[in-house]
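The chain contents come next:
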Amino acid sequence: MAGRHAREAARLGFCFNCALFAAGTYWLYVSIHIHGPAPAWLALLLLLGLVLVMGLYHAALGYTVARWLPRSGALRWLVALPASWLLIEWWRGWFLSGFSWLSLGYSQTDTWLAGFAPWWAFMASVPCCW
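Asks: Can you lay out the overall build of the protein chain for me, pointing to particular residues and giving the numbers?
Replies: Counting its secondary structure elements, the protein chain contains five helices and zero strands. Reading the secondary structure of the protein chain in the N-to-C direction produces α-α-α-α-α. Sorting the 130 residues of the protein chain into buried and exposed places 25% on the buried side. Carbon and sulfur atoms make up 73% of the accessible area of the protein chain, which amounts to about 9000 Å² in all.

Asks: I'd like a rundown of the confidence of the model for the protein chain, residues and numbers included.
Replies: In this model, the protein chain carries an average pLDDT of 85, and 89% of its residues clear a pLDDT of 70 or more. Model confidence for the protein chain, summarised as mean pLDDT per element, is weakest for helix α5 (residues 117-125) at 69 and strongest for helix α1 (residues 6-24) at 95.

Asks: For the state of the cysteines, give the residues involved together with the corresponding values.
Replies: On inspection of all chains with the given rule, the structure shows zero disulfides. No disulfide involves cysteine 15; its nearest neighbouring cysteine sulfur is the one of cysteine 18, lying 6.6 Å away. Accessibility expressed as a relative area gives 38% for cysteine 15, which makes it partly exposed. A residue is classified by how much of its surface remains accessible, and cysteine 18, at 11% relative accessible area, is buried.

Asks: Which residues make up the pattern of salt bridges, and what are the values?
Replies: Pairing of side chains with opposite charge becomes possible as their charged atoms draw close. Under the definition given, this model contains two salt bridges. With its nearest N and O atoms 3.8 Å apart, the salt bridge here joins arginine 92 to glutamate 89. Here arginine 92 and its partner glutamate 89 are both found in helix α4 (residues 74-94), three residues apart, which amounts to about one turn of the helix. For the pair arginine 92 and glutamate 89, one class covers both residues: buried.

Asks: Can you tell me about the side chain of threonine 25, naming the residues and giving the values?
Replies: Tracing the sequence through the fold places threonine 25 in the loop between α1 and α2 (27-33). Its relative accessible area of 1% is what places threonine 25 among the buried residues. A polar atom in the side chain of threonine 25 sits 2.4 Å from the backbone oxygen of phenylalanine 21. When neighbours within four sequence positions are excluded, threonine 25 is seen to be in contact with Leu47, Leu50, Val51, Phe99, Trp101 and Leu102.

Asks: Outline the packing of aromatic side chains, supporting the account with residue identities and numerical values.
Replies: One pass over the full model with this rule turns up nine aromatic pairs. Between phenylalanine 16 and tryptophan 85 the ring centres are 6.2 Å apart and the planes differ by 80 degrees, which places this aromatic pair in the edge-to-face class. Note that phenylalanine 16 is positioned in helix α1 and tryptophan 85 in helix α4, a separation of 69 residues in sequence. For the pair tryptophan 91 and phenylalanine 95, a centre-to-centre distance of 4.6 Å together with 20 degrees between the ring planes defines the contact as stacked. The partly exposed category is assigned to phenylalanine 95, whose relative accessible area is 32%.

Asks: Could you give an account of the packing of helix α3 (residues 40-68) against α4, naming the residues involved and the relevant values?
Replies: To describe two helices that pack against each other, one gives the angle between their axes and the distance between the axes. Interaxial distance between α3 and α4 falls to 10 Å at its minimum, and their mutual angle equals 150 degrees. If you check the angle between α3 and α4, you find them roughly antiparallel. Considering only the axes of α3 and α4, their crossing is right-handed. The segment α3 lies against α4, with Met54, Tyr57, His58, Ala60, Leu61 and Val65 engaging Arg76, Leu81, Ser84, Trp85, Ile88, Glu89, Trp91 and Arg92. When grouped by side-chain class, the residues that make up the contact of α3 with α4 number nine nonpolar, two polar and three charged.

Conventions adopted
- Residues numbered from 1 in each chain as written.
- Predicted model: local features only at pLDDT ≥ 70, side-chain atom pairs only at ≥ 80, totals over all residues.
- Heavy atoms only, no water.
- Helix = DSSP H or I, 4+ residues; strand = E, 2+ residues; numbered from the N terminus.
- Buried < 20%, exposed > 50% of the residue type's maximum accessible area, 1.4 Å probe, protein only.
- Areas by Shrake-Rupley, 256 points an atom, 1.4 Å probe, with all protein chains shown as cover.
- pLDDT = per-residue confidence, 0-100.
- Disulfide = S-S within 2.5 Å.
- Salt bridge = Lys/Arg side-chain N within 4 Å of Asp/Glu carboxyl O.
- Polar contact = N/O pair within 3.5 Å; in protein donor to acceptor, adjacent residues only side chain to side chain.
- Contact = heavy atoms within 4.5 Å.
- Phe/Tyr/Trp six-rings, centres within 6.5 Å; stacked < 30°, edge-to-face > 60°.
- Axes fitted to C-alpha atoms, helices over the stretch in contact; angles between N-to-C directions.
- Parallel < 35°, antiparallel > 145°, perpendicular 65-115°, else oblique.
- Left-handed = near helix turned anticlockwise from the far one by under 90°.
- Nonpolar A, V, L, I, M, F, W, Y, C, P; charged D, E, K, R; others polar.

Written out as structure tokens, the structure is:
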């Protein structure tokens, strides 16, 4: 999203998350249609709706990053962008009862960073004003 205008960054974020969720939740179609058993058109419509709604989260991320974060530098790439991504994924997992599947953190479950997961989960659950 470097050097992009806010609208272009939002469009790219939307397309990225739509592709991610279309590939990562395709099995919901099978669950809804085969095991549901809802009609195929309804299962496809529900899956498409989910994919489009999930795309809006990264559209908001792309817009925010391009509009309000510094254009370059270590602050943008090492602090602001990762913090913004973490915040939008937390919001996606919490807002309207949440849909926390396919979070970026799952890519780190087999690395040394996995040891920090219980600490982050605890910190996120503590109602304080830190």
